Amino acid sequence: MASQLSLLEESGVEVLHFDVMDGRYCPALTFGAPMVAALKTSLLKDVHLMIEQPLGQLENFVAAGADIITVHADSTRHPHRVLQALGSMRNVNDAARGLVRGVGLNPGTPMETLQPLRDVLEMVLILAVNPGWGGQRFIESTGERVRQVREMLGKDVIICVDGGITRNNVAEVARLGADLIVTGSAVFDGKAPLDNARYMKAAIAL
Ligand code: ZN
């Protein structure tokens, strides 16, 4: 992983996205805070929590060096409280930088969920596939959801699109208005990760 990570650093990518899955919120199981802590990198650490009841685990991920933490609005009965709690924590990499708080929306989560959370978030992560099931394609209505979030929350909110990104659609997703685009298997395809990462960077710059 360290060698793959150095390729990303070389490519000019700025953010490293961690998909944390607990096998309960979604079917897959990945890793927890020790993995986030173990990877030493100059990239910003963007931690996407697809876990049930994230409140009790926030401190572990903050201590592991997270710069961005996203929780899913429907992973807890108290999403506002979770975001409030995150807002009171310090970024261990640089206290002056603060932590970016993200709210994740599954393809089936109503957009209205964001309305009461607008004052306690800096980012909205829109999943373009359902989390934890393999082999899915980018859901086309994601573009409309990006537009709606921008209209509802304005230009200052960071919009992240996650899932189903390929060489073929990355430029289009950037044009839809995404500020942060997550891609995994389209870069780490077992062939040419550095070329893929550079291709993606160039595609969104156009
Ligand atoms: Zn993710």
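Please read these numbers as outputs of a predicted model, since none were measured by experiment.

A. Inspection of the overall build of the chain at higher detail. Within the chain, the secondary structure is distributed over 7 helices and 7 strands. Starting at the N terminus and ending at the C terminus, the chain contains elements arranged as α-β-α-β-α-β-α-β-β-α-β-α-β-α. In summary, the chain has a C-alpha radius of gyration of 16 Å against a globular reference of 17 Å for 206 residues, a match within 12%. Overall, the chain is about 45 × 35 × 35 Å in size when its C-alpha atoms are taken along their principal axes. Looking at the chain residue by residue over its 206 residues, the buried ones come to 45%. Across the chain, the fraction of contacts at a sequence separation of at least 24, relative to all contacts at a separation of at least 6, is 58%. Element-wise, carbon and sulfur atoms account for 52% of the exposed surface of the chain, whose accessible area totals about 10300 Å².

B. The nonpolar core, seen in detail. Ranked by internal contacts, the top residues of the largest apolar core, which has 52 residues, are V47, L49, L58, I69, V124 and V149. What I69 contacts, discounting residues up to four positions off in sequence, is V47, L49, L58, F61, V62, L86, V100, R101 and G102. Counting 7 residues, the second-largest nonpolar core is a separate cluster that includes L125, C160, L180 and V182.

C. Representation of the packing of helix 1 (residues 2-11) against helix 7 (residues 193-205). With their axes 9 Å apart at the nearest point, helix 1 and helix 7 run at an angle of 35° to one another. Note on packing geometry: the crossing formed by helix 1 with helix 7 is right-handed. Contacts from Q4, L7, L8, E10 and S11 of helix 1 reach helix 7 at P193, L194, A197, R198 and K201.

D. Up close: the pairing of strand 4 (residues 100-105). Of all 6 residues in strand 4, 5 are buried; the element is thus mostly enclosed. Where strand 3 (residues 68-72) and strand 4 come together, 5 bridges link them in parallel fashion. The partner of I69 across the bridge, within strand 4, is R101. Running through helix 4 (residues 79-87), the crossover from strand 3 to the neighbouring parallel element strand 4 is right-handed. Alignment of strand 4 against strand 5 (residues 123-127), held across 4 bridges, turns out to be parallel. Following the sheet pairing, G102 is matched in strand 5 by M123.

E. The arrangement of the coordination of the zinc ion in detail. Ligation of the zinc ion by protein atoms is provided by H17 (NE2), D19 (OD), H48 (ND1) and D162 (OD), these donors lying 2.0 to 2.2 Å from the ion. Relative to the metal, the 4 donor atoms surrounding the zinc ion lie at angles of 94 to 159°, and the coordination shape comes out irregular. All donor residues of the zinc ion come from one chain, and their arrangement in sequence is H-x1-D-x28-H-x113-D. Relative accessible area serves as the criterion here: at 19%, H17 is assigned to the buried category. Judged by relative accessible area, which is 25%, D19 ranks as partly exposed.

F. Structural view of the pattern of salt bridges. In total, this model carries 9 salt bridges according to the counting rule given. Two residues, E10 and R198, come together in a salt bridge whose shortest N-O distance is 3.9 Å. Here E10 is found in helix 1, whereas its partner R198 is found in helix 7, with 188 residues between them in sequence. Residue class for R198 comes out partly exposed when judged on its relative accessible area of 40%. One salt bridge in this structure joins R147 and E144, with 2.7 Å as the shortest N-O distance. Of this pair, R147 and E144 are both found in helix 5 (residues 142-153), 3 residues apart, which corresponds to roughly one turn of the helix. Owing to a relative accessible area of 42%, R147 belongs among the partly exposed residues under this scheme. By relative accessible area, E144 is classed as partly exposed at 35%. One salt-bridge network, held together by shared partners, links E144, R147 and E151.

Cut-offs applied
Residues numbered from 1 in each chain as written. Predicted model: local features only at pLDDT ≥ 70, side-chain atom pairs only at ≥ 80, totals over all residues. Heavy atoms only, no water. Helix = DSSP H or I, 4+ residues; strand = E, 2+ residues; numbered from the N terminus. Rg over C-alpha atoms; globule rule 2.2 N^0.38 Å. Buried < 20%, exposed > 50% of the residue type's maximum accessible area, 1.4 Å probe, protein only. Contact = heavy atoms within 4.5 Å. Areas by Shrake-Rupley, 256 points an atom, 1.4 Å probe, with all protein chains shown as cover. Core = buried A, V, L, I, M, F, W, Y, C linked by side-chain atoms within 4.5 Å. Axes fitted to C-alpha atoms, helices over the stretch in contact; angles between N-to-C directions. Left-handed = near helix turned anticlockwise from the far one by under 90°. Pairing = 2+ DSSP bridges. Right-handed = clockwise from strand over helix to strand, strands pointing away. Donors = N, O, S within 2.8 Å, 3.2 Å for Na, K, Ca; no water. Tetrahedral: all angles 85-135°; square planar, octahedral: opposite > 155°, others 65-115°. Salt bridge = Lys/Arg side-chain N within 4 Å of Asp/Glu carboxyl O.

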